[in-house]
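So you can see what is in the structure, the chains are spelled out below.
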Amino acid sequence: MTAVILARASTHTSLSIPLFMERVQAGFPSPAQDYVEQTLDLNDLCIHHPAATYFVRAEGDSMIEVGIFSGDILVVDSSLSPRHGDIVIASLNGEFTVKQLELKPHTRLLPRNPAYRPIRLPEDCELDVFGVVTNVIHSLRRPDR
């Protein structure tokens, strides 16, 4: 899966969207509340370090088991230190990729689709991690064209 940089989040406009406090059941439906109890700004929810956050569009199917699909927008924070198990944007041979970072017992980049093999990195290899994926924006219904 590759990643294409879309934009930086350093200058974002606040947009308050209604947040209904009533939870929605994923099983049997529950009656909806007719009032909004507060608002939610998606920037506040998804962006913790605006100057270090950027958006990329995922391409490919190597990360489907973690809910990242081709066309999804990834929110990436470059101020976070990557840890074992994080989903990261890395550069391999000059090409951006989205993979899960494995640090133990060996450093590898793991696809999350059994059709792909892990990428083992030799100890002398320099891995460039550009940021940690913190959120995925995944559309369930594409707008009509």
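Definitions and cut-offs
- Residues numbered from 1 in each chain as written.
- Predicted model: local features only at pLDDT ≥ 70, side-chain atom pairs only at ≥ 80, totals over all residues.
- Heavy atoms only, no water.
- 1 Å grid on protein atoms, 1.4 Å probe; cavity = no way out; pocket = protein on both sides within 12 Å on 5 of 7 lines; lining within 4 Å.
- Points joined across faces, edges and corners; volume = space filled by probe spheres on them.
- Nonpolar A, V, L, I, M, F, W, Y, C, P; charged D, E, K, R; others polar.
- Core = buried A, V, L, I, M, F, W, Y, C linked by side-chain atoms within 4.5 Å.
- Buried < 20%, exposed > 50% of the residue type's maximum accessible area, 1.4 Å probe, protein only.
- Helix = DSSP H or I, 4+ residues; strand = E, 2+ residues; numbered from the N terminus.
- Phe/Tyr/Trp six-rings, centres within 6.5 Å; stacked < 30°, edge-to-face > 60°.
- Pairing = 2+ DSSP bridges.
- Lys, Arg positive; Asp, Glu negative; His and termini not counted.
- Salt bridge = Lys/Arg side-chain N within 4 Å of Asp/Glu carboxyl O.
- Polar contact = N/O pair within 3.5 Å; in protein donor to acceptor, adjacent residues only side chain to side chain.
- Contact = heavy atoms within 4.5 Å.

1. Structural notes on the layout of surface pockets
Right, on to step 1. Taken as a whole, the largest pocket holds about 150 Å³ of empty space.
Right, on to step 2. Considering the residues around the largest pocket, the lining is formed by His106, Thr107, Arg120, Leu121, Pro122, Glu123, Cys125 and Leu127.
Right, on to step 3. The class makeup of the residues in the lining of the largest pocket is four nonpolar, two polar and two charged.

2. Regarding the nonpolar core
Right, on to step 1. Counting eleven residues, the largest nonpolar core consists of Tyr54, Val56, Ala58, Met63, Ile68, Leu74, Val76, Ile87, Ile89, Val98 and Val133.
Right, on to step 2. For this core, the element with the highest residue contribution is strand E4 (residues 53-59), accounting for three residues.
Right, on to step 3. Grouped together as the second largest cluster of nonpolar side chains are seven residues, Ala90, Leu101, Leu109 and Leu121 included.

3. What to know about unusual backbone geometry
Right, on to step 1. A cis amide bond links Lys104 with the next residue in sequence, Pro105, at an omega value of -5°.
Right, on to step 2. Relative to the elements of secondary structure, Pro105 occurs in the loop between strand E7 (95-102) and strand E8 (108-110).

4. Comments concerning the packing of aromatic side chains
Right, on to step 1. Going through the model one piece at a time under the given rule, you end up with one aromatic pair.
Right, on to step 2. Judged by centre distance (5.0 Å) and plane angle (70°), the rings of Phe96 and Phe130 are edge-to-face. Of the two residues, Phe96 is situated in strand E7 and Phe130 in strand E10 (residues 128-137); the sequence distance between them amounts to 34 residues.
Right, on to step 3. Here Phe96 falls in the partly exposed class, since its relative accessible area comes to 25%.

5. Some thoughts on the pairing of E10
Right, on to step 1. For strand E5 (residues 73-77) and E10, the ladder comprises five bridges, and the chain directions are antiparallel. Residue pairing in the sheet places Leu74 in a bridge with Val136 of E10.

6. Side note on the side chain of Asp86
Right, on to step 1. With respect to the element layout, Asp86 can be found in the loop between E5 and strand E6 (87-92).
Right, on to step 2. Of the buried charged residues, Asp86 lacks a salt bridge, with Arg83 as the closest side chain of opposite charge at 4.5 Å.
Right, on to step 3. Of note is the side chain of Asp86, whose polar atom sits 2.8 Å from the backbone nitrogen of Arg83.

7. Considering the side chain of Thr53
Right, on to step 1. Tracing the chain through its elements places Thr53 in strand E4.
Right, on to step 2. When its relative accessible area of 2% is taken as the criterion, Thr53 is described as buried.

8. A few points about the environment of Ser91
Right, on to step 1. For Ser91, the location among the structural elements is in strand E6.
Right, on to step 2. Taking the relative accessible area as the measure of exposure, Ser91 reaches 15% and is therefore buried.
Right, on to step 3. Along the sequence, Ser91 and Glu126 sit 35 residues apart, while their C-alpha atoms lie 9.6 Å from each other.
Right, on to step 4. The residues contacting Ser91, other than those within four sequence positions of it, are Phe96, Leu127, Asp128 and Phe130.

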